[in-house]
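Tertiary structure, described
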Amino acid sequence: MKKIGINDFTFYNYPTGITASPDGKHAAIAVVNANEKDNTYDSCLWIHDTESKKTRKLTSGKKERTFIWLDNETLLFTSDREKEYAKKVKDGEDWTCFYKISIYGGEAQFAFAVPYKVTKMQLAGTKLVLGVKYDYNKPDFAHMEGEEKEEALKAWKDEKDYEVFDELPFWANGQGIVNKKRTRLAVYDMETGDAKIVSPDYDNVQGFWTEEGNKVLFITSHYTDKKDVYEGLKMYTISEDKVETLVEQGDMSIDYACILNGKVTFFASYMKEYGFNENDKLYTVENGKVELLSDYDDSIHNSICCDCKFADGPAIVHDDKYIYFLTTLRKNTALRRFDANGNLETLIDRQGSLHTLSLCGDKVYFTGMREMGLTECYCFDGKEEEKLTSFNDEIMAERSVLPVEEFTFTYKGLELDGYVIKPLDYDPNKTYPGILTIHGGPRATFAPTFFHENQVFANAGYFVFYTNPLGSDGRGNDFADLSGRHGSIDFEHCMAVTDEVLKRYPQIDEKRLGVMGGSYGGFMTNWVIGNTTRFAAAASQRSISNWISKCMTTDIGYSFDLQETAGDPWNSPDKMWVCSPLKYAHQAKTPTLFIQSDEDYRCWMGDAIQMFSALKYFGVDARLCLFHGENHELSRSGKPTHRIRRMQEMMDWFDKYLN
């Protein structure tokens, strides 16, 4: 049995977006793999035969990931194999190439190209409905020719050494500069080759769904100066080339829309009681009148933390009778559905983490993790769940996957969950270092599922332990509401689980404790080192240290941060400063490693730099590792070599101070 090592994630397979053919005889799967040599991620398509139960590789390229079924035997997918269009893209034009391939083999055939950067596609008869990236700063090169085109390209390239910002947000994590950039709705006619954008100017399309073969429901946020947290719901009728507004943008945050039994039904929140993170309820709209269909309190997504998955497909799907969705219930992901009358039914509720969904008749296909395994593909027929693939069985059988031990404890009358992973080759007569790890969010959830980072540390001889403090998802709106209380009861819960673990596992040396976390977990790590000296080392990742500066430098700072702190820099800076870890940096004694990415626009590097500088100023040992070209997702989808270096930095730091 081999230890799970830092770079083992490069050997894992990441299946995603499983989708059945219309007749249900086959299912297509995109499989992503880390390519350490080229420092990237490759992806190709696989086919599962639902009758023979066999799964085989279909494409051999490295960029096949976005696909749909054209019929029972043909897939349409995007890739970048055409040199002519690759050159155009390199020169600054936006093009996406589409290919057809038979599931029975043969080479993929170039089908057509559209003059847009496509992010999503759905089929509506002979037409493709597309989500496309649109840049209002950029000339329409595709419709220019000759000298006019050459001059426009040159002028555009000459301006690329500076940026102009005139709206909020001006950048977004994982997207880069987004000033005057939108996702728009386009329709491509596969018979005539005509392509056109159909959504209104400056509408940012945040989701769309084809309905009844001729209609497209889409959620949109319209802005030209500052994007707010509210969306509107619109419908485009293809045959009439007509857009109509169903729900005005103004007081709802909308997440998903469909037509059930002829009526437009959607998940949304008015955000009146719990604000930005309030769980969605189910609504209908008819003739502009919105009505509540179900007063739902749980989440409508999977919030279980994971550092080894890709989830390209949807987490909510529907047919004409039901809307199927994932929900986080304390420590697992459940599959539920609503009917057109708002009646709720739970279909799957067992330990694990479900990621993407698709429907075929009465069957639900999904990707997810079971027991302590990596992601595989499954099918649920209404009664039983069947595992379809074994992409990771071999490697998992060879590795020392350590179990997660669970317990509950009570703190100030509230029951909390505790999780512990014992070190490899655990000997109860020996003592070990321990690491408290704190999840991000804060509205995320730890569960007894496979987490590569935790397994690496446990395999290296550390106890790893964690909890879901107040602010976490999975227990309704009241439990998740942490507004204005960051660094208070959540900190107490983190210390309480530390006390409980030390009591239950006396083999942990309390003088060799470490703490680590990213995003909100980075905030809490920064908070911990300024408010207690019980930890001998810390690793703070993509962190928050100063809410006052952060709120006006990050992509969601002017909305999310102001709500989370229940303050603002002008009227109540004291509220923001009192819950800023930087305020307590002069009390810190814990040697701390900071991991940061310079394109992380969710938790901007200024916060890590401020906290690092403060520790150095006060004579505390600190180290800052800044990754170029990475964003907030470094630990989950960063370049393979950067992910390896990140983990090595953390391992070296804890080995230095805890061993």
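Predicted model, so just to flag it, every value in this text is computed and none were measured.

Here is what the cut-offs are and how they apply
- Residues numbered from 1 in each chain as written.
- Predicted model: local features only at pLDDT ≥ 70, side-chain atom pairs only at ≥ 80, totals over all residues.
- Heavy atoms only, no water.
- Buried < 20%, exposed > 50% of the residue type's maximum accessible area, 1.4 Å probe, protein only.
- Helix = DSSP H or I, 4+ residues; strand = E, 2+ residues; numbered from the N terminus.
- Pairing = 2+ DSSP bridges.
- Right-handed = clockwise from strand over helix to strand, strands pointing away.
- Axes fitted to C-alpha atoms, helices over the stretch in contact; angles between N-to-C directions.
- Patch = residues over 30% accessible without salt bridge, like charges linked within 9 Å, V, L, I, M, F, W, Y side chains within 5 Å.
- Areas by Shrake-Rupley, 256 points an atom, 1.4 Å probe, with all protein chains shown as cover.
- Salt bridge = Lys/Arg side-chain N within 4 Å of Asp/Glu carboxyl O.
- Lys, Arg positive; Asp, Glu negative; His and termini not counted.
- Charge placed at Lys NZ, Arg CZ, Asp CG, Glu CD.
- Phe/Tyr/Trp six-rings, centres within 6.5 Å; stacked < 30°, edge-to-face > 60°.
- Lys NZ or Arg CZ within 6 Å of the ring centre and 35° of its normal.
- 1 Å grid on protein atoms, 1.4 Å probe; cavity = no way out; pocket = protein on both sides within 12 Å on 5 of 7 lines; lining within 4 Å.
- Points joined across faces, edges and corners; volume = space filled by probe spheres on them.
- Core = buried A, V, L, I, M, F, W, Y, C linked by side-chain atoms within 4.5 Å.
- Contact = heavy atoms within 4.5 Å.
- Nonpolar A, V, L, I, M, F, W, Y, C, P; charged D, E, K, R; others polar.

Description of the pairing of strand S36 (residues 537–541)
- Taking burial as the measure, the five residues of S36 include five buried ones, the bulk of the element.
- Note: strand S35 (residues 508–518) against S36, five bridges, orientation parallel. Note on S36: the bridge partner recorded for Gly 514 is Ala 537.
- As for the winding sense of the linkage, the β-α-β connection from S35 through helix H7 (residues 520–531) to S36 is right-handed.
- The pairing of S36 with strand S37 (residues 592–597) spans four bridges and is classified as parallel. Within S37, the residue paired with Ala 539 across the bridge is Leu 593.

Comments concerning the sheet that holds strand S13 (residues 181–189)
- Here four strands make up an open sheet; going across it, the order is S9-S10-S13-S14 and the pairing antiparallel. Each end of this open sheet is capped by a strand with a single partner; those strands are strand S9 (117–124) and strand S14 (195–197). Direction aside, the axes of adjacent strands within the sheet are offset by 25 degrees on average.
- Inspection of the sheet shows S13 paired to S14 by three bridges, in the antiparallel sense. Paired with Ala 186 across the bridge in S14 is Ile 197.

Focus: a negative patch on the surface
- A contiguous patch of negative charge, built from Glu 145, Glu 147, Glu 148, Glu 150 and Glu 151, is present on the exposed surface.
- Within the secondary structure, Glu 147 sits in helix H2 (residues 146–158).
- Judged by relative accessible area, Glu 147 falls into the exposed class, the value being 59%.

Quick look at the sheet that holds strand S27 (residues 352–360)
- With antiparallel pairing, four strands are arranged side by side in an open sheet as S27-S28-S29-S30. Two strands in the sheet have a free side with no partner beyond their single neighbour: S27 and strand S30 (385–387). Mean inter-strand twist for the sheet, computed between neighbouring axes without regard to direction, equals 30 degrees.
- Here strand S29 (residues 376–380) pairs with S30 via three bridges, running antiparallel. Along S30, the bridge assignment pairs Phe 380 with Glu 385.

Observations regarding the packing of aromatic side chains
- Applying the stated rule across the entire model yields 48 aromatic pairs.
- Ring centres of Phe 523 and Trp 547 lie 5.8 Å apart, and the angle between their planes is 55 degrees; this geometry places the pair in the tilted category. Here Trp 547 lies in helix H8 (residues 547–550) and Phe 523 lies in helix H7, a separation of 24 residues in the sequence.
- The buried category is assigned to Trp 547, whose relative accessible area is 1%.
- Every member of this aromatic cluster is reached through a ring pair, and the members are Tyr 12, Tyr 14, Tyr 41, Phe 310 and Phe 450.
- Directly above the ring of Tyr 134 sits Arg 184, whose terminal nitrogen or CZ lies 4.8 Å from the centroid.
- Above the plane of the ring of Phe 479 lies Arg 475, whose end atom (NZ or CZ) is 4.4 Å from the centre.

Concerning empty space enclosed by the protein
- All chains considered together, the criterion is met by five cavities of 30 Å³ or more.
- Taken as a whole, the largest cavity spans an internal volume of roughly 80 Å³.
- Lining the largest cavity, in full, are Tyr 274, Asn 277, Glu 278, Pro 442, Arg 443, Asn 477, Ala 480, Asp 481, Leu 482, Ser 483, Gln 563 and Glu 564.

With respect to the nonpolar core
- Core analysis: the largest hydrophobic core is formed by 49 residues, its most contacted members being Tyr 12, Cys 308, Phe 450, Phe 457 and Phe 654.
- Examining the composition of this core, we find that seven residues originate from one element, helix H13 (residues 640–658), more than from any other.
- Not counting residues up to four positions away in its chain, the partners in contact with Phe 450 are Ile 4, Tyr 12, Cys 306, Cys 308, Met 369, Met 372, Gly 373, Leu 374, Met 396, Val 401 and Gln 455.
- Core analysis: the second largest hydrophobic core is formed by 48 residues, Ile 508, Trp 527, Val 528 and Ala 588 among them.

Regarding the layout of surface pockets
- In this structure, the second largest pocket occupies an estimated 280 Å³ of space.
- Top element by residues in the lining of the second largest pocket is strand S10 (residues 127–135). It accounts for three residues.
- Residue classes in the lining of the second largest pocket are distributed as seven nonpolar, one polar and six charged.

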